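Architecture and fold: a report
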Amino acid sequence: MQKETAKILVIRLGAIGDVVHTTNAFRAIKNKYPNVQIHYMTTKIQSCFLENDPQVDKVLVVEKN
């Protein structure tokens, strides 16, 4: 039986600075739990800062009204 991988979803739809400030949090989580998957939900503009981050496994883009 295969063990499921733990996943964490970070949701940040605010300003670019808000997204940048959360990077320290998920990096600390990834350092403590290297097997956890970090998924990040944000808007299109902010996703540019996360798409090439090796600590983020998946970036989910939503449209903000």
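Look a little higher up for the structure.
These lines cover the structure that appears in this document, whether it is placed above or below. Note that the structure is a prediction, hence the values are computed from the model and not measured. Residue positions are counted from 1 within each chain, in the order its sequence is given. Per-residue local features of the predicted model are confined to residues with pLDDT of at least 70, and side-chain atom pairs are confined, for both listing and counting, to 80 or more; whole-chain, interface and lining totals are unaffected and use all residues. Side-chain calculation: all heavy atoms of the structure are included, whereas hydrogens and water are not.

Here the focus is the nonpolar core. Residues grouped as a nonpolar core are buried Ala, Val, Leu, Ile, Met, Phe, Trp, Tyr and Cys residues, joined through side-chain atoms within 4.5 Å. When a residue's accessible area, from a 1.4 Å probe over protein chains only, is under 20% of the maximum for its type it is buried; when over 50% it is exposed; and in between it is partly exposed. Grouped together as the largest cluster of nonpolar side chains are 8 residues: Val10, Val19, Phe26, Val36, Ile38, Tyr40, Leu50 and Val56. Every residue in contact with Val19, bar those within four places of it in the chain, is listed here: Arg12, Tyr40, Thr42, Gln46 and Leu50. Here, two residues are considered to be in contact whenever any of their heavy atoms come within 4.5 Å of each other.

Compared with an ideal rise of 1.5 Å per residue, which puts 17 residues at 24 Å, helix H1 (residues 16–32) spans 26 Å between its outermost C-alpha atoms and is within 8% of the ideal. Secondary structure elements are taken from DSSP: a helix is a run of H or I of four residues or more, a strand is a run of E of two residues or more, and numbering for both begins at the N terminus. In this structure, the buried residues of H1 make contact with strand S2 (37–43) and helix H2 (44–47). Multiplying 1.5 Å by the helix residue count minus one yields the expected span of that helix.

Bringing the side chain of Thr22 into the picture now. Note that Thr22 resides in helix H1. For this analysis, a polar contact is any N or O atom pair within 3.5 Å, provided that within protein one partner can donate a hydrogen and the other can accept it, and provided that sequence-adjacent residues contribute only side-chain to side-chain pairs. At 2.6 Å, the side chain of Thr22 and the backbone oxygen of Val19 are in polar contact. Leaving out residues up to four positions away in the same chain, Thr22 has contacts with Arg12 and Tyr40.

This part covers the sheet that holds strand S1 (residues 7–11). Two strands form a pair only when DSSP identifies at least two bridges running between them. The 3 strands lie next to each other as S1-S2-S3, forming an open sheet whose pairing is parallel. The open sheet has two edge strands with one neighbour each: S1 and strand S3 (58–62). Taking the axes of each pair of neighbouring strands and ignoring which way they run, one obtains an average angle of 20° across the sheet. When S1 meets S2, the two strands line up parallel, connected through 5 bridges. Its bridge partner being in S2, Val10 is matched across the sheet by Tyr40. The strands that H1 touches are S1 and S2; relative to S2, the one it contacts most, it runs at about 170°. Geometry is summarised by axes, namely lines fitted to C-alpha atoms with helices restricted to the contacting stretch, and by angles between N-to-C directions that run from 0 to 180 degrees.

With that settled, the discussion passes to the environment of Arg27. On the secondary structure map, Arg27 appears in helix H1. The partly exposed category is assigned to Arg27, whose relative accessible area is 34%. Taking the C-alpha atoms as reference, Arg27 lies 15 Å from Val59; in sequence the two are 32 residues apart. Excluding anything up to four places from it in sequence, Arg27 contacts Asp53 and Gln55. Among the polar contacts made by the side chain of Arg27, one reaches the side chain of Asp53 at a distance of 2.6 Å.

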